[in-house]
Amino acid sequence: AKMQGGGHHLLYNVDMGLQLQRRIAVAARLEKALAVGRLTQHYQPKVVLDTGQLCGVEALARWHDEEWGWVSPAEFIHVAEERGLIIALGDWSLDTAARQWRAWHDAGVTPPTTIAVNVSAAQMMSDGFAERALAIVRAHNVSPLAIELEITESALMHEPAKARRVAARLVERGFTLSIDDFGTGYSSLARLQNFPVSRLKIDMSFVQGMTTNPDSLAIVTAVIGLARALQLRTVAEGVESQDQIDKLRSLQCDMAQGYFFAKALPAADLERDWLSRPSR
Ligand code: C2E
Ligand code: CA
Ligand code: CA
Ligand code: CA
């Protein structure tokens, strides 16, 4: 038994070592990929639930490594956060979104009303973020009004006083703020009203659980009710079925995003299927 226990322990350590090695390797290749411009950005439609009309997109980072193939954002974003690359990656995401807005506009294509960019806690709390974000979008001659910043509930609640100041600065400069993955952060709901946010994105775990799990349905119902009371718009994430859409409509959720409508698409595909060229 002793030997078995020891063996188990050894395996556990080997596995941990491999995980650490993998993360170090991912960080090194990610840093290189960023430097040489190998990351791309895809865009997932957000639609108005009542009309099905496009009301914005979410920009999502994609990475295809020559040897490894596609690396999941869940993995490389986590590694970037852990190994000090998330500010560079996040600034790249904002820059890329603004550049794409400008490219669509200059090509005579109507850009989505807003392009939403994910902002990590470390990026939001980094020195001078609001000024830097403004400089990045302005460098492409894009208004912050066209850019929505998605910040997770846990990022806001970690250092709430500082987060509130940064959020206020961003809003002063014209950015729209959304709370991402809402419902997962166990924040005090009362605190929400201290943040100048415009939208709540209901985490997909609740949206997907809603039609089978009464607790999930109760949470979605409460979040939409709370949002209404605070005059925030609601976006349901991870919508995959007509059942979910019917339920969300009956609860008066405003917007939805999910594979039912579209997955995140390369810019050219979004343009072809979702954006229009005004007739000239
Ligand atoms: P997120 O912000 O919660 O983004 C939504 C994720 O759900 C995306 O995964 C999207 O592809 C996926 N998704 C959308 N609709 C559906 C659906 O109907 N069903 C299912 N099962 N999934 C759906 P993705 O692209 O793998 O991104 C994962 C996470 O990585 C994002 O979660 C976000 O937190 C982070 N991320 C991605 N790009 C960036 C970035 O540029 N900066 C930062 N800071 N984080 C990013
Ligand atoms: Ca998001
Ligand atoms: Ca989310
Ligand atoms: Ca998420």
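Cut-off values and rules
- Residues numbered from 1 in each chain as written.
- Chains lettered and ligands numbered in written order.
- Predicted model: local features only at pLDDT ≥ 70, side-chain atom pairs only at ≥ 80, totals over all residues.
- Heavy atoms only, no water.
- Donors = N, O, S within 2.8 Å, 3.2 Å for Na, K, Ca; no water.
- Helix = DSSP H or I, 4+ residues; strand = E, 2+ residues; numbered from the N terminus.
- Buried < 20%, exposed > 50% of the residue type's maximum accessible area, 1.4 Å probe, protein only.
- Core = buried A, V, L, I, M, F, W, Y, C linked by side-chain atoms within 4.5 Å.
- Contact = heavy atoms within 4.5 Å.
- Near = heavy atom within 4 Å.
- Polar contact = N/O pair within 3.5 Å; in protein donor to acceptor, adjacent residues only side chain to side chain.
- Areas by Shrake-Rupley, 256 points an atom, 1.4 Å probe, with all protein chains shown as cover.
- pLDDT = per-residue confidence, 0-100.
- Pairing = 2+ DSSP bridges.

## Quick notes on the coordination of the calcium ion (ligand 3)
Surrounding the calcium ion (ligand 3) are the protein donor atoms Asp180 (OD), Asp181 (OD), Glu237 (OE) and Glu237 (OE), at 2.2 to 2.6 Å. One chain supplies every donor to the calcium ion (ligand 3), and in sequence these donors are spaced D-D-x55-E. Between the calcium ion (ligand 3) and the calcium ion (ligand 2), a spacing of 3.8 Å is present, and a bridge between the two is formed by Asp180. Here Asp181, found in strand 6 (residues 176-182), pairs with Glu237, found in the loop between strand 8 (233-236) and helix 10 (242-250); they are 56 residues apart in sequence, far enough to count as distant. Residue classification places Asp181 among the partly exposed positions, given a relative accessible area of 25%. Overall, Glu237 belongs to the buried group, its relative accessible area being 8%.

## Some details on the nonpolar core
With 63 residues, the main nonpolar core has Leu149, Leu170 and Leu248 as its most contacted residues. Broken down by element, the residue count for this core peaks at 6 residues, all from helix 5 (residues 129-139). Sequence-distant contacts of Leu149, that is, excluding residues within four places in its chain, are made with Leu94, Val117, Val119, Phe129, Leu170, Phe175, Thr176, Leu177 and Ser178. One finds Leu30, Val79, Ala80 and Ile86 within the second-largest nonpolar core, a separate group that totals 16 residues.

## Concerning the site of ligand 1
Taken together, 20 residues sit near ligand 1, with Arg62, Ser93, Met204, Glu240 and Tyr259 positioned nearest. Contact distances for ligand 1 include 3.2 Å between an oxygen atom and a side-chain N or O atom of Glu58. A distance of 2.8 Å separates an oxygen atom of ligand 1 from a polar atom in the backbone of Tyr259. Protein burial of ligand 1: of its 800 Å² of free accessible surface, 82% is covered by the chains. Of all the secondary structure elements, the ones that give two or more residues to the shell around ligand 1 are strand 2 (54-65), helix 2 (73-82), strand 6 and helix 8 (204-209). A per-element tally of the shell around ligand 1 places strand 2 first, with 4 residues.

## Comments concerning the confidence of the model for the protein chain
Of all residues in the protein chain, 92% have pLDDT values of 70 or greater, and the mean over the chain is 92. Here residues 1-6 scores under 50 on pLDDT; set against residues more than four positions off or in separate chains, the count is 0 contacts. At the level of chain-chain contacts, confidence expressed as ipTM amounts to 0.97, with global pTM at 0.93.

## Quick notes on the coordination of the calcium ion (ligand 4)
Distances from the calcium ion (ligand 4) to its protein donors, namely Asp181 (OD) and Asp181 (OD), fall within the range 2.9 to 3.0 Å. The distance between the calcium ion (ligand 4) and the calcium ion (ligand 3) is 3.7 Å, with Asp181 acting as a donor to both metals.

## Examining the pairing of strand 2
Buried residues dominate strand 2, accounting for 9 of its 12 residues. As paired elements, strand 1 (residues 39-48) and strand 2 share 9 bridges and run antiparallel to each other. If you follow Gln44 over to strand 2, its bridge partner there is Glu58. In this antiparallel pair of consecutive strands, strand 1 and strand 2, the connection spans 5 residues, and Gly52 shows a positive phi of 75°. When strand 2 meets strand 4 (residues 115-119), the two strands line up parallel, connected through 3 bridges. Among the inter-strand pairings, Val57 is bridged to a residue of strand 4, identified as Ile115. Across 3 bridges, the pairing between strand 2 and strand 3 (residues 69-71) is antiparallel. Note that in strand 3 the partner of Trp63 across the bridge is Val71. The hairpin formed by strand 2 and strand 3 contains 3 residues between the paired strands.

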